[in-house]
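Here are the chains, one letter per residue:
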Amino acid sequence: MEGIDGLLRGLTPQVVGAVVRRFGDFAAAEDAVQEALIAAARTWPRDGVPDNPRGWLIQAASRRLIDEIRQDQARRRREELAARREVPADEVEEHDDTLLLLFLCCHPALSPASAIALTLRAVGGLTTAEIAKAYLVPEATMAQRITRAKARLKGQEFELQESDERLRQVLHVLYLVFNEGYASSSGADLQRSDLSGEAIRLTRMVHRSLPENGQVMGLLALMLLNDARRLARTGPAGELIPLADQNRSLWDQELINEGLALAVDAFGRQPLGEYQLQAAIAALHDEVDKPEDTDWPQILALYGLLEELSGNPMVTVNRAIALAMVEGPEAGLELLETLDEKLPGHYRLDAVRGHFSEMLGDDEAAANHFRAAARRTTSLPERDYLITKAAEVSGAARRPR
């Protein structure tokens, strides 16, 4: 039974994609596929798995949709069109529509939040309850978000165009899903491996379909290089361990090797984009055994390119860190001053200022910045780490020098 469940989960996005492509109605197609899955789960254990399980599911879902169309007398013309589309299971074309379904879920008509929810539901196979739990919202709220997204997509164009804005939207959604799994923005857990793992799985799928695309390659490399550090990022109690203090023997060397190869390949492809640059930075961190061997001048140069390309103030925060490692904390603090208007009250500014002040030996200022950052973050592991840092430097400040 467990084998059938796994088979059905793997086939679901392919079947939904095929039925949506054929009938053009996302919500109706998903409902029909769910009915087909229920029928398969009931009959396959008894009768055996059919020779073409994908075709069986597509045929069953198509029949259900056709039956519904035929029951609606006001849709006679659509009934005739739908009836002509029914094909025997053994004649269903062997074409994986999962990637097309992913592109539809990431349609520019949807907000990033809606695209993420729909992608995880339709392509990732997560239940609405699982998605709601991951993003710390009520299940009813997430259900409404997914329902509105499906309604918004009705009649939208369903096709894959690599050069289109659609690919950028897909990569952005996958990037956001991974980031939420890698460093949760709120809640008690620092990371959620279910989300980051699903983002990696889907990005691998895009890479298999578009193997020469440098941005796709760069995004996959970035994910792998960051995910390789997962076991070392938290301690026994789930506490945050910063990069410089991590036990690098816990890093996944197999993922690092794969990520490094992809990052090098991606960096040589034009045009050079944000994901290729971020992957190159991650590679420079992962390729050394000791933090003191990190090539900070090269990282600083890459952050400069990334800042010019993206204009993202959070990139400037990271460039300030690299600058402090190359030229000293005073230079880093000076660069952070340019961000107060762009990131007013953001906890990261105070957290980084706290580290720079600690580097300068100004323990009182460091403690104040760490406390301010702790008050503003919504991540409990980050809050606890910052409170601990504040206590450490406060203790240092009280000790005679």
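Worth saying up front: this structure is predicted, and the values here are computed from it rather than measured. (Residues numbered from 1 in each chain as written. Predicted model: local features only at pLDDT ≥ 70, side-chain atom pairs only at ≥ 80, totals over all residues. Heavy atoms only, no water.)

## Section: the packing of helix 14 (residues 296-310) against helix 15 (residues 313-327)
In a packed pair of helices, the relevant descriptors are the angle between the two axes and the axis-to-axis distance.
Right, so step 1: With their axes 9 Å apart at the nearest point, helix 14 and helix 15 run at an angle of 155° to one another. Classified by the interaxial angle, the pair formed by helix 14 and helix 15 is roughly antiparallel. Note on packing geometry: the crossing formed by helix 14 with helix 15 is left-handed. Residue-level contacts link Trp296, Pro297, Ile299, Leu300, Tyr303, Gly304, Leu306, Glu307 and Ser310 of helix 14 to Val315, Thr316, Asn318, Arg319, Ala322, Leu323, Met325 and Val326 of helix 15.
Right, so step 2: Class assignment of the residues belonging to the contact of helix 14 with helix 15 gives a composition of 11 nonpolar, four polar and two charged. (Axes fitted to C-alpha atoms, helices over the stretch in contact; angles between N-to-C directions. Helix = DSSP H or I, 4+ residues; strand = E, 2+ residues; numbered from the N terminus. Parallel < 35°, antiparallel > 145°, perpendicular 65-115°, else oblique. Left-handed = near helix turned anticlockwise from the far one by under 90°. Contact = heavy atoms within 4.5 Å. Nonpolar A, V, L, I, M, F, W, Y, C, P; charged D, E, K, R; others polar.)

## Considerations on a nonpolar patch on the surface
Right, so step 1: Together, Met325, Val326 and Met359 make up a nonpolar patch on the protein surface, roughly 260 Å² of accessible area in all.
Right, so step 2: Mapped onto the elements of the fold, Met359 is located in helix 17 (residues 347-360).
Right, so step 3: Judged by its relative accessible area of 44%, Met359 is partly exposed. (Patch = residues over 30% accessible without salt bridge, like charges linked within 9 Å, V, L, I, M, F, W, Y side chains within 5 Å. Areas by Shrake-Rupley, 256 points an atom, 1.4 Å probe, with all protein chains shown as cover. Salt bridge = Lys/Arg side-chain N within 4 Å of Asp/Glu carboxyl O. Buried < 20%, exposed > 50% of the residue type's maximum accessible area, 1.4 Å probe, protein only.)

## Some points on helix 17
Right, so step 1: Between its terminal C-alpha atoms helix 17 stretches 20 Å, which fits the 20 Å expected from 14 residues at 1.5 Å a residue.
Right, so step 2: If you check which residues of helix 17 are buried, you get Tyr347, Leu349, Asp350, Ala351, Val352, Arg353, Gly354, Phe356 and Ser357. (Expected span 1.5 Å × (residues − 1).)

## A word on the nonpolar core
Right, so step 1: If you look at the biggest cluster of nonpolar residues, it comprises 85 residues, and the most contacted ones within it are Val19, Phe26, Leu57, Leu102, Leu118, Val123 and Val206.
Right, so step 2: Not counting chain neighbours up to four residues away, the residues in contact with Leu57 comprise Leu8, Leu11, Val15, Ala36, Leu37, Ala40 and Trp44.
Right, so step 3: The next biggest cluster of nonpolar side chains, apart from the first, holds 24 residues, and it includes Ala280, Val317, Ala322 and Leu323. (Core = buried A, V, L, I, M, F, W, Y, C linked by side-chain atoms within 4.5 Å.)

## Structural notes on the packing of helix 15 against helix 17
Right, so step 1: For the pair helix 15 and helix 17, the least separation of the axes is 11 Å and the interaxial angle reads 5°. Between helix 15 and helix 17, the interaxial angle falls into the category roughly parallel. Seen from helix 15, the contacting residues are Met314, Val317, Asn318, Ala320, Ile321 and Ala324; seen from helix 17, they are Arg348, Leu349, Val352, Phe356 and Met359.
Right, so step 2: Split by residue class, the contact of helix 15 with helix 17 holds nine nonpolar, one polar and one charged.

## Re the side chain of Ser357
Right, so step 1: Within the secondary structure layout, Ser357 lies in helix 17.
Right, so step 2: Looking at Ser357, the relative accessible area reads 7%, which means it is buried.

## Quick look at the packing of aromatic side chains
Right, so step 1: One pass over the full model with this rule turns up three aromatic pairs.
Right, so step 2: Between Trp44 and Trp56, the ring centres sit 5.2 Å apart and the planes meet at 70°, which makes this aromatic pair edge-to-face. Taken together, the residues Trp44 in helix 2 (residues 26-47) and Trp56 in helix 3 (residues 53-71) connect sequence positions 12 residues apart.
Right, so step 3: The interplanar angle of 55° and the centroid separation of 5.4 Å between the aromatic rings of Tyr175 and Tyr275 together place this pair among those described as tilted. Placement of the pair is Tyr175 in helix 9 (residues 165-182) and Tyr275 in helix 13 (residues 274-286), with a sequence separation of 100 residues. (Phe/Tyr/Trp six-rings, centres within 6.5 Å; stacked < 30°, edge-to-face > 60°.)

## Things to note about the environment of Gly395
Right, so step 1: Checked against the element boundaries, Gly395 lands in helix 19 (residues 380-398).
Right, so step 2: Sequence-wise, Gly395 and Asp363 are 32 residues apart; in three dimensions their C-alpha atoms are separated by 8.7 Å.

## Let's talk about the pattern of salt bridges
Right, so step 1: Evaluation of the coordinates by the stated rule reveals 15 salt bridges.
Right, so step 2: Note that Arg376 and Asp350 form a salt bridge whose closest N and O atoms lie 2.3 Å from each other. In this pair, Arg376 is assigned in helix 18 (residues 363-376) and Asp350 in helix 17, connecting sequence segments 26 residues apart.
Right, so step 3: A residue is classified by how much of its surface remains accessible, and Asp350, at 10% relative accessible area, is buried.
Right, so step 4: Several salt bridges converge on common partners, so that one network encompasses Glu212, Asp265 and Arg269.

## Thoughts on the environment of Arg22
Right, so step 1: Within the secondary structure, Arg22 sits in helix 1 (residues 2-23).
Right, so step 2: For Arg22, a relative accessible area of 14% translates into the label buried.
Right, so step 3: The spatial distance from the C-alpha of Arg22 to the C-alpha of Ser62 is 8.7 Å, given a sequence separation of 40 residues.

## What to know about unusual backbone geometry
Where the residue is not glycine, phi is negative for most of them; where a peptide bond is considered, it is trans in most cases.
Right, so step 1: A cis amide bond, omega -5°, links Gln270 with the succeeding residue Pro271.
Right, so step 2: By the secondary structure assignment, Pro271 is in the loop between helix 12 (253-267) and helix 13.

## Some details on the state of the cysteines
Right, so step 1: One pass over the full model with this rule turns up zero disulfides.
Right, so step 2: Not part of a disulfide, Cys105 finds its nearest cysteine sulfur in Cys106, a span of 6.5 Å. (Disulfide = S-S within 2.5 Å.)

## Observations concerning the environment of Gln191
Right, so step 1: Mapped onto the elements of the fold, Gln191 is located in the loop between helix 9 and helix 10 (193-209).
Right, so step 2: In this structure, the C-alpha to C-alpha distance between Gln191 and Phe178, residues 13 residues apart in sequence, is 9.9 Å.
Right, so step 3: Engagement of the side chain of Gln191 in a polar contact is seen with the backbone oxygen of Arg230, the distance being 3.1 Å.
Right, so step 4: Side chain to side chain, Gln191 and Arg233 meet in a polar contact 2.5 Å long. (Polar contact = N/O pair within 3.5 Å; in protein donor to acceptor, adjacent residues only side chain to side chain.)

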